[in-house]
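# Examination of the molecular architecture
Each chain, written out:
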Amino acid sequence: MVKAKRNQIAADNEVAKDARNARRFKQERDPVEYEKQKIGQREAYAAKIESEEGREVRAYAKVPGKTCEEHDDNARQRHAERERERRANATQAEKDAAADKKWAARQRKKNVPEEQIAEGLAKRAADRQHRQPEPGPYDENPNFGAF
């Protein structure tokens, strides 16, 4: 019984491998015809789902867009939105580290020596500490100010 099941699995794997190889060989032989066939299959599947289930099939592209320009524009918009969200959720320490990194890069571009850059970073950290002091014992208490 186990041997028969194992043989059946091996046969199924062989059939699947042959199908994959046939698709790959077809793609290599005639990529234009292969792409047309894929588009036709996708349209047929979308029509079938529309008629049977009454819903649309989502786009196959990760970022929707009919043309390459639309696709690229949509991708840029999604990236910008993710960056805005990431910056909005960043902690003050992360924002400070990013600002220090950019400041140091600007200084290096001006050919400022590394010693002066290190002193400047220390001064920026001290100024930041002065403007944003560490929370005291009352501020750390989660019940502070609760009524």
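This text gives an overview of the structure that appears in the document. All of these numbers come straight from a predicted model, not from anything done at the bench.

### Some remarks on helix α2 (residues 31–53)
- Look at α2: 32 Å from first C-alpha to last across 23 residues, which is about the 33 Å you get at 1.5 Å a residue.
- Immediately beyond the C-terminal end of α2, within one or two residues, lies Gly 54, with a positive phi of roughly 70°.

### Examining the side chain of Arg 128
- Take Arg 128: it is sitting in helix α5 (residues 114–131).
- Using a relative accessible area of 13% as the deciding quantity, one classes Arg 128 as buried.
- Within the structure, the side chain of Arg 128 is placed 3.4 Å from the side chain of Asp 96, a separation counted as a polar contact.
- Side-chain polar atoms of Arg 128 contact the side chain of Asp 100, separated by 2.7 Å.
- Beyond its immediate chain neighbours, meaning those up to four positions away, Arg 128 contacts Asp 96 and Asp 100.

### Topic: the pattern of salt bridges
- Within the structure shown, the criterion is met by 11 salt bridges.
- Two residues, Arg 128 and Asp 96, come together in a salt bridge whose shortest N-O distance is 3.4 Å. Here Asp 96 lies in helix α4 (residues 92–109) and Arg 128 lies in helix α5, a separation of 32 residues in the sequence.
- In this structure, Asp 100 engages Arg 128 in a salt bridge whose closest nitrogen and oxygen atoms are separated by 2.7 Å. Of this pair, Asp 100 sits in helix α4 while Arg 128 sits in helix α5, and the two are 28 residues apart along the sequence.
- Among the ionic contacts, a cluster of salt bridges with common partners joins Asp 96, Asp 100, Arg 124 and Arg 128.

### Notes on the layout of surface pockets
- Of the voids in this model, the second largest pocket is the one considered here, and its volume is about 190 Å³.
- For the second largest pocket, the full set of lining residues is Glu 83, Arg 86, Arg 87, Ala 90, Glu 94, Lys 95, Ala 98 and Lys 102.
- Examining the composition of the lining of the second largest pocket, we find that four residues originate from one element, α4, more than from any other.
- By residue class, the composition of the lining of the second largest pocket is two nonpolar, no polar and six charged.

### A short note on unusual backbone geometry
- At Asn 111, a position not held by glycine, the phi torsion is positive, near 65°.
- With respect to the element layout, Asn 111 can be found in the loop between α4 and α5.

### Some words on a negative patch on the surface
- Where like charges cluster on the molecular surface, the negative patch consists of Glu 69, Glu 70, Asp 72 and Asp 73.
- Following the sequence through the fold, Asp 73 ends up in helix α3 (residues 68–89).
- On the accessibility criterion, Asp 73 (33% relative accessible area) is partly exposed.

Each value, and the rule that gives it
- Residues numbered from 1 in each chain as written.
- Predicted model: local features only at pLDDT ≥ 70, side-chain atom pairs only at ≥ 80, totals over all residues.
- Heavy atoms only, no water.
- Helix = DSSP H or I, 4+ residues; strand = E, 2+ residues; numbered from the N terminus.
- Expected span 1.5 Å × (residues − 1).
- Buried < 20%, exposed > 50% of the residue type's maximum accessible area, 1.4 Å probe, protein only.
- Polar contact = N/O pair within 3.5 Å; in protein donor to acceptor, adjacent residues only side chain to side chain.
- Contact = heavy atoms within 4.5 Å.
- Salt bridge = Lys/Arg side-chain N within 4 Å of Asp/Glu carboxyl O.
- 1 Å grid on protein atoms, 1.4 Å probe; cavity = no way out; pocket = protein on both sides within 12 Å on 5 of 7 lines; lining within 4 Å.
- Points joined across faces, edges and corners; volume = space filled by probe spheres on them.
- Nonpolar A, V, L, I, M, F, W, Y, C, P; charged D, E, K, R; others polar.
- Patch = residues over 30% accessible without salt bridge, like charges linked within 9 Å, V, L, I, M, F, W, Y side chains within 5 Å.
- Areas by Shrake-Rupley, 256 points an atom, 1.4 Å probe, with all protein chains shown as cover.
- Lys, Arg positive; Asp, Glu negative; His and termini not counted.
- Charge placed at Lys NZ, Arg CZ, Asp CG, Glu CD.

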